[in-house]
Amino acid sequence: MTISTTRLGRTGLTVSRLCLGTMTFGFQTDEETSRVILDKAAAAGVNFLDTADVYPLGGGLPTAGRTEEIVGRWLKGKRDRFIVATKCVGRVGPNEWDQGASRKHILDAIDASLRRLGTDYVDLYQLHSDDRDTPIDETLEALDVVVRSGKARYIGVSNYLAYRLARALGRAEVRGLTRFVSVQPRYALLFREIERELLPLAQEEGLGVIPYNPLAGGFLTGKHRRGDPTPGTRFTLGTAASNYQQRYWNERAFATVEKLQGLVAEAGQSLTTVAVAWVLANPAITSAIIGASRPDQLDATLAAGELALDPELKARLDEATAEYRRGDAPR
């Protein structure tokens, strides 16, 4: 298996069309298993790794940074073979300034991430969310320092509304500061709100789009059943459980998955593979972030990198999930 590559937005940077998300590493998944997952993804041609300073997911403040440390130890001796992305903004310490997009926190956070990752630079440094309490010019100035100092090659955002991203792009252009090259939003058959404004903005501005949650936190694998959330999944995972339950654990989502399973079964496909392939089929998408808590979970998602989705099936999937384009979720 060889995953195809593409350029990240208008940059000259080439990345694999599947990106390995690492947020399970260090809480849901131990280090030994995490290394096996990394090895398997790399062997399939995935050269793009995404992490964050607050990971692992579900662990909370006591475990913040553990995922970057695991990824950093695995990268030792092979850093030049991978595109590494990380993020800041989430709370990583006890002080009020140990979070957000202030100049102080960004400059502290990039140094801390580099130490944990065991590298001199990251390829993509992203704002994990929108800090409304910090002036956007202050944030852009700090990120410009990060890039000009060589600590990051490019910068991007995650969980930004379209109008806020448009304003940030405009301010960077007016001020002559380093420009965002990518956006990382939530996107799946069960969450399509970004199709209305964010994706058209990304295409017009030449931004790379690196969506997370293409399987809706595992809900689109079809393994869940009505009733109490499934133990050992993100729906019962520490501090993340309530968020995932609120997003997907409802009757509408269960009914939709049943409908999608029927459509995919008629085509002789796996819903897991098709759900990721559906995300990749959107021309605005650069690379879809796939994750795993066990190595065998990668089999179906890696297969999406080679699946050319039948146009008729895609149209039926679009129609079956059209209602998920409506809504006003902040992320």
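Residues numbered from 1 in each chain as written. Predicted model: local features only at pLDDT ≥ 70, side-chain atom pairs only at ≥ 80, totals over all residues. Heavy atoms only, no water.

## Observations concerning the sheet that holds strand β9 (residues 208-209)
Here is step 1: The strand order across the open sheet built from eight strands is β9-β8-β7-β6-β5-β4-β3-β10, with neighbouring strands paired in parallel fashion. In this open sheet, the two strands that pair with only one neighbour each are β9 and β10 (288-290).
Here is step 2: Direction of pairing for strand β4 (residues 48-50) relative to strand β5 (residues 83-88): parallel, over a ladder of three bridges. Residue pairing for β5: L49 is matched across the bridge by V84.
Here is step 3: With respect to the sheet, helix α4 (residues 136-148) is in contact with β6 (122-127), β7 (152-158) and β8 (180-184), its orientation differing from that of β7 by roughly 150°. (Pairing = 2+ DSSP bridges. Helix = DSSP H or I, 4+ residues; strand = E, 2+ residues; numbered from the N terminus. Contact = heavy atoms within 4.5 Å. Axes fitted to C-alpha atoms, helices over the stretch in contact; angles between N-to-C directions.)

## Re the side chain of E68
Here is step 1: Considering the arrangement of structural elements, one finds E68 in helix α2 (residues 66-75).
Here is step 2: With residues up to four places along the chain from it excluded, the contact list for E68 reads T51, A52, D53, T86, S113, R116 and L117.

## Some thoughts on the pairing of strand β3 (residues 18-21)
Here is step 1: In β3, alternate side chains face the same way, and those of L18 and L20 on one face and C19 and G21 on the other are all buried.
Here is step 2: As defined by bridge partners, β3 adjoins β10 across three bridges and the pair is classed as parallel. Bridge assignment links L20 to a residue of β10, and that residue is I290.
Here is step 3: Judged from the three bridges that link them, β3 and β4 form a sheet pairing that is parallel. Its bridge partner lying in β4, L20 is registered against L49.
Here is step 4: In this fold, the crossover linking β3 to β4 by way of helix α1 (residues 31-43) has right-handed handedness. (Buried < 20%, exposed > 50% of the residue type's maximum accessible area, 1.4 Å probe, protein only. Right-handed = clockwise from strand over helix to strand, strands pointing away.)

## Topic: the packing of aromatic side chains
Here is step 1: For the structure on display, the rule yields nine aromatic pairs.
Here is step 2: Aromatic side chains F219 and F235 sit 5.8 Å apart centroid to centroid with 65° between the ring planes, which places their arrangement in the edge-to-face category. On the criterion of sequence distance, the pair formed by F219 in the loop between β9 and α7 (241-248) and F235 in the loop between β9 and α7 is long-range, its members being 16 residues apart. In this structure, F219 and F235 share a single accessibility class: buried.
Here is step 3: Both rings, one in F219 and one in W249, keep their centres 5.8 Å apart while their planes meet at 85°; by these two values the pair is edge-to-face. One end of the pair, F219, is in the loop between β9 and α7; the other, W249, is in the loop between α7 and α8 (251-266), with 30 residues separating them in the sequence.
Here is step 4: Put simply, the rings of F219, F235, Y244, Y248, W249 and F254 pair up and form one aromatic cluster.
Here is step 5: Of note, K78 hangs over the ring of W74, and the distance from its end group to the ring centre comes to 4.4 Å.
Here is step 6: Over the ring of Y121 we find R153; its NZ or CZ atom is 3.8 Å from the centre of that ring. (Phe/Tyr/Trp six-rings, centres within 6.5 Å; stacked < 30°, edge-to-face > 60°. Lys NZ or Arg CZ within 6 Å of the ring centre and 35° of its normal.)

## Quick notes on helix α5 (residues 162-175)
Here is step 1: End to end, α5 covers 20 Å across 14 residues, agreeing with the expected 20 Å (1.5 Å per residue, within 8%).
Here is step 2: Against the buried residues of α5 lie α4, β7, β8 and α6 (198-205).
Here is step 3: After α5 finishes, the residue G176 shows a positive phi value of roughly 70°. (Expected span 1.5 Å × (residues − 1).)

## Observations concerning the layout of surface pockets
Here is step 1: Quantified by volume, the largest pocket comes out at close to 1,100 Å³.
Here is step 2: Taken together, 49 residues form the lining of the largest pocket, with M23, L57, N213, R234 and Y244 sitting closest to its centre.
Here is step 3: When contributions to the lining of the largest pocket are tallied by element, the ones reaching two or more residues are α7, β10 and α10 (298-303).
Here is step 4: In terms of residues, the lining of the largest pocket owes the most to one element, α7, which gives three residues.
Here is step 5: Grouping the amino acids of the lining of the largest pocket by side-chain chemistry returns 16 nonpolar, 26 polar and seven charged. (1 Å grid on protein atoms, 1.4 Å probe; cavity = no way out; pocket = protein on both sides within 12 Å on 5 of 7 lines; lining within 4 Å. Points joined across faces, edges and corners; volume = space filled by probe spheres on them. Nonpolar A, V, L, I, M, F, W, Y, C, P; charged D, E, K, R; others polar.)

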